[in-house]
Amino acid sequence: MLSCGIDVGARTVKVVVLENGRIRGRAIRVAGLQVEDDVAAALKEAAAGEVRTIVATGSGREAVKEARQRPTGITCAARGIHFLLPEARMVIDVGAEEGRAIQCEGGRALNFAVNEKCAAGAGTFIETMSRTLEIAVDGFGPLALQSTKLVPMNAQCAVFAESEVVSLIHEKTPKQDIARAVCDAMAGRIGSMCRRLAITPPVALVGGVAKNTAFVRALENDLKTDLTIPPDAEYVSAIGAALIAAEEH
Amino acid sequence: MDFETFRRHGRGRHDYARDWKKRTGGKVVGTFCTYVPEEILAAGGVLPVRILGSHEPADDAEPYVFGMFCPFSRDCISQAIRGRYDYLDGTVLAQTCLHIRNTFWSWQKVNPGRFHYYMCFPIKVQSPRAVDYATGEMRAFRAAFEKWLGRPLADAQIRDAIRVCDENRALLEEIYGLRKDPHPPLTGREAMEMVLAGQLMDKREHNQLLRQALAALRTRRLERDPGVRLMIVGSEDDDTEFIGTTEELGCTIVVDEHCTGTRYFLNRTPDDPDPMRALARRYVGKPPCPSRDWDARTRTDRTLQLARDYNVQGALLVQQKFCDPHELDIPAIKSTLERNGIPTLFLEFDVTIPFGQFRTRIEAFLEMIRAEALF
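Residues numbered from 1 in each chain as written. Chains lettered and ligands numbered in written order. Predicted model: local features only at pLDDT ≥ 70, side-chain atom pairs only at ≥ 80, totals over all residues.

Participant: Help me get a handle on the overall build of chain B, residues and values and all.
Facilitator: The helix and strand inventory of chain B stands at 15 helices and 8 strands. Its C-alpha atoms give chain B a radius of gyration of 20 Å, within 12% of the compact-globule value 21 Å for 375 residues. Dimensions of chain B, computed from the C-alpha atoms along their principal axes, are close to 65 × 45 × 45 Å. Evaluated residue by residue, chain B yields a buried proportion of 50% over its 375 residues. Counting contacts in chain B only where the partners sit at least 6 residues apart, residues at least 24 apart contribute 74% of the total. (Helix = DSSP H or I, 4+ residues; strand = E, 2+ residues; numbered from the N terminus. Rg over C-alpha atoms; globule rule 2.2 N^0.38 Å. Buried ≥ 20, exposed ≤ 12 C-beta atoms within 10 Å, placed from the backbone. Contact = placed C-beta atoms within 7 Å.)

Structure representation (structure tokens):
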């Protein structure tokens, strides 16, 4: 009996298929203008068999017409992290266009904070800065880790931060130092958001930005706590949705 | 009873005021803040109209109000710039926060030569000298108003206006009381529309509508599932669209603690041989705005009491962006409510609201409350 969770995020569609409490398939696709097509393609890739129940989550969850339920990403992330790391008491999810912190226990969200106004606290910020620095997104974190110099970035906004980066480029600041400054600034934003709640270890970090090793180090320094990045960190909300779908059976 | 009537009066506020002027020949005065004694204006045959925004981008406010002043103050002055309040014969401000004071002063630049009165209402309403001080200010306002009107007011006229306003408050309180029911007979949106209409209409006409509404509500049963019982706490909030859309997510706003709701109408005018002192006692004693709640922060306990009285499961803490008085209060209110088992969700309001983003947060908040209820 296959249950499916679909997380329609701002940048990507993630699909997870569960069978008897185990992950049987997963797929990720870039979300385009015809998101329904991307959902269908990801579902076809992930599911080898008939899916009985679908639950959709994420900012584009309304696009999944066949979904039985459409819970928020906050509820799903709390469920998903309990599946992957039952001991986690806080999950920080940094995606393309939103960052959020969730206090959780037993698969339930107890409290949450969302950064939805400031682009300097979301993955798109790293992408923009990658373009400005003319480096690949995947290489951003490793490059920043080579830095030995702290360069403060004061800008409160992604657009002005880009101006600040351009100024640093003009001053011939080494790329690795600028990359580190970007990661530190972003970690500062996310750290502020987390402190709106109490920091309750063990803390898990999920979402696409969890792949950026320099950001992870910066956030650990900011929060003064270790972060655990589970396998399938990008799929946490989709896993949570799939678990909710399984309960529907 | 057609409950849409209140909505129509709210949306058509300017048409109502213009029509009222035409049919009564009376003057209309705009009020800033709920501490302006409407009774004195009404006693002189003047229609008091609360000045509110329109929830449209207020870019034209820029030369008058600083960009980091609250969106409500910018939205209000924008209305004057666009000529939407041209029918006003004057404005009255009761001493309040700096942002609204700025709007009041700017208003005089946009609409000069009319009756503009700054009433110096006490900021520290808990002071034992506040009533004496406010009585003096009531007398000064009455004198200035009489001079502008060109005739003195009789005490009997003021007492009659007090009676009408107190009836209005009693009716609203009775209607609010019906919302304590597990199946409230009216939505939060309808309740807000009722209170708002009262700040824009002739009180006698509003009382007539409220009496009809109260009679109808006693037997009314809404088909909708009330869902999670929420309260809304915060600064100026007249966004009925926000309330309505929120309630479509599976909840009902059963009570509020803001100045376009309970802080406007809870408490009555005490008996006093001097009507000016009676008014001072009523306004000094009304549920305070956070800019006046000194030294003790009494709003916190009042909010908790309202939450308990209305069996609230969660609270939306809404705040106009850059509103310092509310920024001061919210941490204490949040912690008090949460300590007493009432979760909160903070939302920062701007002139226009990004409901798509708010929606996810409100839905997650409701999911959290529902999950808690299951365990």
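On we go from here.
Participant: Give me the lowdown on the nonpolar core, citing residues and values where you can.
Facilitator: Among soluble globular proteins, nonpolar side chains are generally buried collectively. In this structure, C4(A), I6(A), V91(A), A242(A) and M231(B) are the most contacted members of the largest nonpolar core, which totals 192 residues. It is helix α6 (residues 175-195) of chain A that provides the largest number of residues to this core, a total of 11 residues. Mapped onto the domain boundaries, this core takes at least three residues apiece from domain 1 (2-85 + 232-248) and domain 2 (113-228) of chain A. What M231(B) contacts, discounting residues up to four positions off in sequence, is I253(B), V254(B), V255(B), D256(B), E257(B), L306(B), A307(B), Y310(B), V312(B) and A315(B). (Core = buried A, V, L, I, M, F, W, Y, C linked by C-beta atoms within 7 Å. Domains from an automatic or database assignment.)

Participant: Give a detailed account of the packing of helix α1 (residues 4-11) of chain B against helix α8 (residues 188-198) of chain B, specifying residues and quantitative values.
Facilitator: All names here are of chain B. Two elements in contact, α1 and α8, have axes whose closest approach is 8 Å; the angle formed by their N-to-C orientations is 50 degrees. The pairing of α1 with α8 is recorded here as oblique in orientation. As for the relative orientation of α1 and α8, their crossing is left-handed in sense. Across from F6, R7, H9 and G10 in α1, the residues of α8 making contact are E193, M194, L196 and A197. A per-class count over the contact of α1 with α8 returns 4 nonpolar, 2 polar and 2 charged. (Axes fitted to C-alpha atoms, helices over the stretch in contact; angles between N-to-C directions. Parallel < 35°, antiparallel > 145°, perpendicular 65-115°, else oblique. Left-handed = near helix turned anticlockwise from the far one by under 90°. Nonpolar A, V, L, I, M, F, W, Y, C, P; charged D, E, K, R; others polar.)

Participant: Describe the packing of helix α3 (residues 123-133) of chain A against α6(A), and please don't skip the residues or the numbers.
Facilitator: Residue and element names in this part refer to chain A. Packing of α3 against α6 leaves a shortest axis separation of 11 Å and a crossing angle of 165 degrees. Taken together, the axes of α3 and α6 are roughly antiparallel relative to one another. In this structure, the crossing between α3 and α6 has a hand that is right-handed. Of the residues in α6, those in contact with F125, I126, M129 and L133 of α3 are K175, I178, A179, V182 and M186.

Participant: Lay out the interface of chain A and chain B with the relevant residues and their values.
Facilitator: When the parts come together, some accessible area is lost, and that loss is often what is quoted as the size of the interface. On the side of chain B, 8 residues touch chain A, which itself brings 10 residues to the contact. Looking at the side of chain A that touches chain B, the element that brings in the most residues is strand β7 (residues 108-115) of chain A, giving 4 residues. Of the residues that constitute the side of chain A that touches chain B, the class distribution is 5 nonpolar, 3 polar and 2 charged.

Participant: Lay out the sheet that holds strand β2 (residues 12-19) of chain A with the relevant residues and their values.
Facilitator: All names here are of chain A. Taking strand neighbours across the sheet as the criterion, the 4 strands line up as β3-β2-β1-β4 in an open arrangement whose pairing is mixed. Where the open sheet ends on each side, the last strands, each with one partner, are β3 (22-30) and β4 (51-57). Adjacent strand axes in the sheet meet at a mean angle of 15 degrees, parallel and antiparallel pairs treated alike. (Pairing = 2+ DSSP bridges.)

Participant: So what's going on with helix α9 (residues 203-217) of chain B? Residues and values would help.
Facilitator: All names here are of chain B. An ideal rise of 1.5 Å per residue puts 21 Å on 15 residues; α9 measures up with 20 Å between its terminal C-alpha atoms. Considered for burial, the residues of α9 that qualify are K203, H206, L209, L210, A213 and L217. Along the axis of α9, the buried residues cluster in a sector spanning 120 degrees; they form a single face. Counted as exposed and oriented over 90 degrees from the buried face of α9: R204 and A215. Where α9 is buried, its residues contact α1, α3 (38-43), α7 (155-178) and α8. (Expected span 1.5 Å × (residues − 1). Arc of directions from axis to C-beta.)

Participant: Account for the pairing of strand β1 (residues 28-32) of chain B, with residues named and values stated.
Facilitator: Residues and elements named next belong to chain B. Summarising burial for β1: 5 of the 5 residues are buried, a large majority. Residues of β1 alternate between two faces, with V28, G30 and F32 on one and V29 and T31 on the opposite face, all of them buried. Pairing between β1 and strand β2 (residues 47-50): 4 bridges, direction parallel. Considered in β2, the bridge of T31 is made with R50. In this view, the connection linking β1 to its parallel neighbour β2 by way of α3 has right-handed handedness. Where β1 and strand β3 (residues 90-94) come together, 4 bridges link them in parallel fashion. By the bridge assignment, T31 is partnered in β3 with V92. (Right-handed = clockwise from strand over helix to strand, strands pointing away.)

Participant: How would you explain the domain arrangement of chain A if you had to name every residue and give the values?
Facilitator: All names here are of chain A. Segmenting chain A into domains produces domain 1 (2-85 + 232-248) and domain 2 (113-228). Taken over C-alpha atoms, the centre of domain 1 sits 28 Å from the centre of domain 2. With 6 residues of domain 1 at the contact, the number on the domain 2 side is 6 residues. The class makeup of the residues in the side of domain 1 that touches domain 2 is 5 nonpolar, no polar and 1 charged.

Participant: Can you explain unusual backbone geometry? Please cite residues and give values.
Facilitator: Residue P202(A) follows P201(A) across a cis peptide bond; omega there is -5 degrees. Position of P202(A) relative to the elements: it lies in the loop between α6 and β8 (203-206). In the segment running from W294(B) into D295(B), the intervening peptide bond is cis, with an omega of -5 degrees. Within the secondary structure layout, D295(B) lies in the loop between α12 (275-285) and α13 (298-309). For K224(A), which is not a glycine, the phi torsion comes out positive at approximately 55 degrees. Take K224(A): it is sitting in the loop between α7 (213-223) and β9 (227-228).

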